[in-house]
Amino acid sequence: MMELDMRVLSRQQMRRIYRWEMQEAFPRVELKPLWTILRLMERGEYDALGFYRGEELVGYALLRLGERFVLLDYLAACQGKRGGGVGSAMLGQLQRRYAATGGLLAEVEALEEDLSPEEGEKRRRRLAFYTRNGFFDLNYQSDIFRVRYAMLGWSASGSMDTGEAMEAHRALYRLGTLLPLYRRYVHIPIQEKEGTKP
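Conventions and cut-offs
Residues numbered from 1 in each chain as written. Predicted model: local features only at pLDDT ≥ 70, side-chain atom pairs only at ≥ 80, totals over all residues. Heavy atoms only, no water. Helix = DSSP H or I, 4+ residues; strand = E, 2+ residues; numbered from the N terminus. Polar contact = N/O pair within 3.5 Å; in protein donor to acceptor, adjacent residues only side chain to side chain. UniProt positions renumbered as here; feature names shortened; annotations may be inferred. Pairing = 2+ DSSP bridges. Contact = heavy atoms within 4.5 Å. Axes fitted to C-alpha atoms, helices over the stretch in contact; angles between N-to-C directions. pLDDT = per-residue confidence, 0-100. Buried < 20%, exposed > 50% of the residue type's maximum accessible area, 1.4 Å probe, protein only. Parallel < 35°, antiparallel > 145°, perpendicular 65-115°, else oblique. Left-handed = near helix turned anticlockwise from the far one by under 90°. Nonpolar A, V, L, I, M, F, W, Y, C, P; charged D, E, K, R; others polar.

### Side note on the environment of glutamate 42
With respect to the helices and strands, the residue glutamate 42 is situated in helix 2 (residues 34-42). Sequence separation of glutamate 42 and alanine 168 is 126 residues, and the distance between their C-alpha atoms is 21 Å. At 3.4 Å, the side chain of glutamate 42 and the side chain of arginine 11 are in polar contact.

Written out as structure tokens, the structure is:
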């Protein structure tokens, strides 16, 4: 497997990545405001990590830190570096870094009926990427700020209690979201949006 040098990003590096990489890689609706990311970094609630080959940045990962679980908020290879094993190498290093936690949670855009063939294929590839790299289906979906996600998890033990993971997932959003916004836009699991409890 490709070896990369993982480094903690400075605020200045984070600003540059947000402007030149994240805005290209992620739909606008899925991007937190930069000031939110910087505030979470400052409070020690967020790991912003860059992955380098020599001195060249080839990818980055942003993770929200909970009491026991870690939410993989953003993971991407940089422009021009995709498709060469960078993503798998980054996930491998993240799995080693967070092996002592309850596990990693990943929100991956869910397959839905009304997707275009191109979008459906892109989402299938993304789900397959995580599965190839040791993540498993947590058997619930979430609707967060009007984006539907399939929830995947990884732990060093190879298994994860879905109920515990779901509660940790909720807690991560409750900590950083104003209550009226949380109630309106964060539905974990998605059934809560439709008025039923898990």
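What follows picks up the thread again.
### A closer look at the UniProt feature "domain: N-acetyltransferase" (unreviewed entry) in the protein chain
Summarizing the sequence annotation, UniProt attributes the feature "domain: N-acetyltransferase" (unreviewed entry) to residues 4-154 in the numbering used throughout. As a span, residues 4-154 carries 34% helix and 36% strand, and end to end its C-alpha atoms are 21 Å apart.

### Overview of the sheet that holds strand 5 (residues 103-109)
If you trace the eight strands from one edge of the open sheet to the other, you get 1-2-3-4-5-7-6-8, paired in mixed fashion. Of all strands in the sheet, those bounded by a partner on one side alone are strand 1 (5-8) and strand 8 (186-187). Relative to strand 2 (residues 46-53), strand 1 is paired through four bridges, and the arrangement is antiparallel. Paired with valine 8 across the bridge in strand 2 is leucine 49. Most of the contacts of helix 2 go to strand 2, to which it runs at about 100°, and overall it touches strand 2 and strand 3 (56-65). Seen against the sheet, helix 4 (residues 117-132) touches strand 4 (69-77), strand 5 and strand 7 (147-154) and runs at an angle of roughly 170° to strand 5.

### Some remarks on the confidence of the model for the protein chain
Model confidence for the protein chain is summarised by a mean pLDDT of 92, while 95% of its residues fall at 70 or above. Here helix 6 (residues 179-185) stands out as the least confident element of the protein chain, with mean pLDDT 86; strand 1 is the most confident, with 98.

### Focus on unusual backbone geometry
Isoleucine 188 connects to proline 189 through a cis peptide bond whose omega is -5°. One non-glycine residue, asparagine 139, adopts positive backbone phi at about 65°. With respect to the secondary-structure elements, asparagine 139 resides in strand 6 (residues 136-144). The class for asparagine 139 is exposed, based on a relative accessible area of 64%.

### Side note on the packing of helix 1 (residues 11-25) against helix 2
The interhelical angle for the contact between helix 1 and helix 2, taken along N-to-C directions, is 150°, at an axis separation of 11 Å. Between helix 1 and helix 2, the angle is such that the two are roughly antiparallel. The two elements helix 1 and helix 2 meet at a crossing, and its hand is right-handed. On helix 2, the residues that touch Arg11, Met14, Arg15, Tyr18 and Met22 of helix 1 are Leu34, Ile37, Leu38, Met41 and Glu42. For the contact of helix 1 with helix 2, a count of residues per class yields seven nonpolar, no polar and three charged.

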